Amino acid sequence: MTKRKITPLCFSFPQLLARVKYTPEASVDEIDILRDLKALITRPVGRGSLEEIIFRMDILHRLERLGMLIINPPLAIERSVDKYCALALLEEHGLPVPRTVVTESPEEALKAFSELGGDVVLKPLFGSRGVGSTRVSDPEIARRVFRAVSFYHGVLYLQEFISHGFSDIRAFVIGDRVVASMRRVAETWKTNVSLGAKPVACKLAEEFEDLAVKAARVIGCRVAGVDILEGSDGPVIVELNSQPGWRGLQSVTEVNIADEIVEYALSELRL
Ligand SMILES: Nc1ncnc2c1ncn2[C@@H]1O[C@H](COP(=O)(O)OP(=O)(O)O)[C@@H](O)[C@H]1O
Ligand SMILES: [Mg+2]
């Protein structure tokens, strides 16, 4: 942005002040968000209590209703943060996803464990960076783990294990194209770069690019990091990140990703 003589303003959600019935509707110190800023690029909405998170989303929704360009739009953030919501939408639009069961009941989860072949990945519904995902392939352990998650009021999200050979594809979508992609090569089944997987440059086949772009469109993301596993029955999308990091990807691509995001935001403002 600085390169383009645009003055960026960085702030975090706790700095925001919202007003109703008098103005400014949203501000940070002396900055009136609607009057002084042209667009918002949201980076991680962050952790917080249910109240804090809902307030953060509500303020984004209000700013969008009042005409602010927000990348990613709040609805897209909500859809993608919830793994069940996102996966269901992808399936409804004909995109390939793994068989998945979601329930609050540990008994139902145990039945589903067998249905899914007795080898599943149990994930936190709102997790990221591979944190908290566990592969469960022993029925006794499954019983214990499902009960424990349920005791602490977690929702059980179980997905068939896709044998992917310790690597997968991360496609970075901006607008309606994949601007960069990489293969993430790990030493275990979790291929998150934050857990030590190595980014390796790769040019995607058109089929993969199509999947990633369609997935971003279905969820409503203008910027997205799409995780694609290559199973024995072809590619499946396991996740779509609405607030993807790109440190790993940037280290193996010539494309300047921050530059692409800014260029995209400017092109949307010109419309
Ligand atoms: N169903 C699955 N089968 C095999 N590996 C999986 C499966 N789901 C996720 N993984 C692995 O775990 C990683 C993290 O899962 P993901 O759904 O992307 O959640 P997050 O990155 O938000 O923690 C994926 O990048 C992939 O390497
Ligand atoms: Mg992921």
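Everything quoted here is computed from the prediction, not taken from an experiment.

Peer 1: Talk me through the coordination of the magnesium ion (ligand 2); I want residue IDs and the actual numbers.
Peer 2: With distances of 2.1 Å, the protein atoms coordinating the magnesium ion (ligand 2) are Asp227 (OD) and Glu239 (OE). With Asp227 in strand S13 (residues 223-231) and Glu239 in strand S14 (residues 234-241), this residue pair connects regions lying twelve residues apart in the sequence. In terms of burial, Asp227 and Glu239 fall into one category: buried.

Peer 1: Could you give an account of helix H4 (residues 83-92), naming the residues involved and the relevant values?
Peer 2: If you check which residues of H4 are buried, you get Lys83, Ala86, Leu87, Ala88, Leu89 and Leu90. Looking at the buried residues of H4, the elements they touch are helix H3 (74-81), strand S6 (100-103), strand S7 (120-123), strand S9 (156-160), helix H7 (206-219) and S14. Gly94 occupies a position one or two residues after H4 and carries a positive phi of about 80°.

Peer 1: With reference to specific residues and values, describe the nonpolar core.
Peer 2: One finds Val173, Ile219, Val226, Ile228, Ile237 and Leu240 to be the most contacted residues of the largest nonpolar core, which totals 24 residues. Among the secondary structure elements, those contributing two or more residues to this core are H4, strand S10 (167-174), H7, S13 and S14. Of all the elements, H7 adds the most residues to this core, at eight residues. Not counting residues within four places of it along the chain, the set of residues in contact with Ile228 comprises Asp168, Ile169, Phe208, Leu211, Ala212, Pro235, Val236 and Ile237. In terms of nonpolar packing, the next biggest core, distinct from the first, is built from 15 residues, Phe13, Leu16, Ile33 and Leu37 among them.

Peer 1: Report on the side chain of His164, specifying residues and quantitative values.
Peer 2: Take His164: it is sitting in the loop between S9 and S10. The exposure class of His164 is buried, given its relative accessible area of 12%. Setting aside residues no more than four positions away along its own chain, His164 makes contact with Trp189, Thr191, Leu229 and Glu230.

Peer 1: Describe the packing of helix H2 (residues 50-65) against H3, and please don't skip the residues or the numbers.
Peer 2: Look at H2 against H3: their axes get within 9 Å of each other, and the N-to-C directions meet at 145°. On H3, the residues touching Met57, Leu60, His61 and Glu64 of H2 are Pro74, Leu75, Ile77 and Glu78. Class assignment of the residues belonging to the contact of H2 with H3 gives a composition of five nonpolar, one polar and two charged.

Peer 1: Just give me the short version of the sheet that holds strand S3 (residues 31-32), but keep the residues and values in it.
Peer 2: The strand order S1-S2-S3 describes an open sheet built from three strands, whose pairing is antiparallel. Here the strands that pair on one side only, and so sit at the sheet edges, are strand S1 (17-18) and S3. Where strand S2 (residues 26-28) meets S3, two bridges bridge the pair, whose relative direction is antiparallel. Its bridge partner being in S3, Val28 is matched across the sheet by Ile31.

Peer 1: Hey, could you go over the sheet that holds strand S8 (residues 134-136) for me, with residue numbers and the actual values?
Peer 2: The strand order across the open sheet built from four strands is S6-S9-S7-S8, with neighbouring strands paired in antiparallel fashion. What marks the edges here is a single partner per strand, and that holds for S6 and S8. Across the sheet, the axes of successive neighbouring strands diverge by a mean angle of 25°, strand direction being ignored. Contacting S6, S7 and S9, H4 crosses the sheet at an angle of about 45° to S9. Most of the contacts of helix H5 (residues 106-115) go to S9, to which it runs at about 5°, and overall it touches S6, S7, S8 and S9.

Peer 1: Go over the site of ligand 1, please, and point to the residues and values.
Peer 2: Lining the immediate surroundings of ligand 1 are 22 residues, of which Lys123, Gly130, Ile162, Thr191 and Glu239 lie closest. Contact between ligand 1 and Lys123: an oxygen atom at 2.6 Å from a side-chain N or O atom of the residue. Here an oxygen atom of ligand 1 sits 3.3 Å away from a polar atom, N or O, in the main chain of Gly127. Here ligand 1, which alone exposes 530 Å², has 99% of that area covered by the protein. Going through the elements one at a time, S7, S9, S13 and S14 are the ones with two or more residues in the shell around ligand 1. Residues belonging to the shell around ligand 1 are distributed by class as follows: six nonpolar, seven polar and nine charged.

Peer 1: Would you mind going over the pattern of salt bridges in detail, with residue names and values included?
Peer 2: Summed over the entire model, instances satisfying the criterion amount to 16 salt bridges. Its salt-bridge partner being Glu239, residue Lys83 comes within 3.4 Å of it at the nearest N-O pair. Of this pair, Lys83 sits in helix H4 while Glu239 is found in strand S14, placing the two residues 156 residues apart along the sequence. Exposure class is identical for Lys83 and Glu239. Each is buried. Taken together, the shared-partner salt bridges in this structure form one network comprising Lys3, Arg4, Asp259, Glu263 and Arg270.

The rules behind the values
- Residues numbered from 1 in each chain as written.
- Chains lettered and ligands numbered in written order.
- Predicted model: local features only at pLDDT ≥ 70, side-chain atom pairs only at ≥ 80, totals over all residues.
- Heavy atoms only, no water.
- Donors = N, O, S within 2.8 Å, 3.2 Å for Na, K, Ca; no water.
- Helix = DSSP H or I, 4+ residues; strand = E, 2+ residues; numbered from the N terminus.
- Buried < 20%, exposed > 50% of the residue type's maximum accessible area, 1.4 Å probe, protein only.
- Contact = heavy atoms within 4.5 Å.
- Core = buried A, V, L, I, M, F, W, Y, C linked by side-chain atoms within 4.5 Å.
- Axes fitted to C-alpha atoms, helices over the stretch in contact; angles between N-to-C directions.
- Nonpolar A, V, L, I, M, F, W, Y, C, P; charged D, E, K, R; others polar.
- Pairing = 2+ DSSP bridges.
- Near = heavy atom within 4 Å.
- Polar contact = N/O pair within 3.5 Å; in protein donor to acceptor, adjacent residues only side chain to side chain.
- Areas by Shrake-Rupley, 256 points an atom, 1.4 Å probe, with all protein chains shown as cover.
- Salt bridge = Lys/Arg side-chain N within 4 Å of Asp/Glu carboxyl O.

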